[in-house]
Amino acid sequence: MKTKITEMFGIQHPIIQGGMHFVGFAELAAAVSNAGGLGLITGLTQRTPELLANEIRRCREMTDKPFGVNLTFLPTVSSPDYPGYIKAIIDSGVKAVETAGNNPQKWMPMLHEAGIKVIHKCTSVRHALKAEAIGCDAVSVDGFECGGHPGEDDVPNFILLPRAAESLKIPFVASGGMADGRSLVAALALGAEGMNMGTRFIATKEAPVHENVKLAIVAASELDTRLVMRPLRNTERVLRNAAVDRLLAKEQTLGANLKFEDIIEEVAGVYPRIMQQGDMEAGAWSCGMVAGLIHDIPSVKELIDRIMLEADGIIRQRLAGMAGV
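Small disclaimer: the values here were computed from a predicted structure and weren't measured.

K.L.:
Hey, could you run me through the pattern of salt bridges in this one?
P.N.:
Note on pairing: side chains with opposite charge can pair once their charged atoms come close. Using the criterion set out here, one finds 19 salt bridges in the structure. The shortest N-O distance in the salt bridge between Arg-230 and Asp-154 comes to 2.7 Å. Remark: Asp-154 occurs in the loop between strand 6 (138-142) and helix 7 (157-167) and Arg-230 occurs in the loop between strand 9 (225-228) and strand 10 (236-239); sequence separation between them is 76 residues. Residue classification places Arg-230 among the partly exposed positions, given a relative accessible area of 28%. Salt bridges sharing partners connect three or more residues here, namely Glu-27, Glu-55 and Arg-58.

K.L.:
Would you mind going over the sheet that holds strand 8 (residues 195-197) with me for this structure?
P.N.:
Picture the strands of a sheet paired through backbone hydrogen bonds; they go either parallel or antiparallel. Across the sheet, which stays open at both edges, the 8 strands sit in the order 1-8-7-6-5-4-3-2 with parallel pairing between neighbours. Edge strands, defined here as strands with exactly one partner in the open sheet, are strand 1 (15-17) and strand 2 (39-42). Ignoring strand direction, the axes of neighbouring strands in this sheet form an average angle of 30 degrees. Sheet topology note: the strand 7 (residues 172-175)/strand 8 ladder contains 2 bridges and is parallel. For Ser-175, the partnering residue across the bridge sits in strand 8 and is Asn-196. Sitting on the sheet, helix 3 (residues 49-62) touches strand 2 and strand 3 (67-73), and the angle it makes with strand 3 is about 155 degrees.

Rules used throughout
- Residues numbered from 1 in each chain as written.
- Predicted model: local features only at pLDDT ≥ 70, side-chain atom pairs only at ≥ 80, totals over all residues.
- Heavy atoms only, no water.
- Salt bridge = Lys/Arg side-chain N within 4 Å of Asp/Glu carboxyl O.
- Helix = DSSP H or I, 4+ residues; strand = E, 2+ residues; numbered from the N terminus.
- Buried < 20%, exposed > 50% of the residue type's maximum accessible area, 1.4 Å probe, protein only.
- Pairing = 2+ DSSP bridges.
- Axes fitted to C-alpha atoms, helices over the stretch in contact; angles between N-to-C directions.
- Contact = heavy atoms within 4.5 Å.

These figures come from the coordinates and say nothing about function on their own.
So this is what it looks like as structure tokens:
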């Protein structure tokens, strides 16, 4: 399938694996790239630029296809070594970067000078237009259904994607709620040039996370996610568990007086315990509503091949048949 996104990143299928904390290691990124999509290493999961450079090297040993790095710009007081991470990405010869979080404007000249294509994750049309204005090559438009941070506007993809198509000149991919061939065809119909999948890629054989995490996603329905940290305007969609229930109870009790310190034990530093040790009650972890559409744990190649076959069938048979073609 040829779209502006496959052309831009030199990939076979218009499928991007989203950056995910303690999930986006070399194993998963390489598997996605080998299957014809664009795999992404999650930059900040690697604690230092040196470790990121090492992870990129590991990925190179597993694939000769294009892959990228996700770099999230956090609004933190003690900022990560962003110049170091950018240098590691450039020196490693990576040609695709997914940025997220704060505005990446100050890093754009360096990235573009190195011939890197930048796709920025946005949860609203106004942010997508800003990304276009600062020179991003593409955007990932993230609907309210998504796992992780859906922003504060609560606009689902059925509205957000056509609005993006009306407003943007640069290509975009649909993110949030993406799981299968139906998702891909719907995203293309609404104006996207491909799709970005996060949660669906966690439930694959190659995802380097504990089996408990994969089984929790398969067992979950579309009703099992919750929004946390709304009062802090740092909303995150997570899978419901005991820690999330505790967190929501604190939010309700403290109301407008809630501070990050009040919920720190439910959200800070919990990812290694969940993703690596399989402690499913350790804290809040990002998961999309799309869990309701995830029923198995295939290999990445099986998943991507199945998506493309299903998409092809929908376009050629179901839709063409309806149009009397």
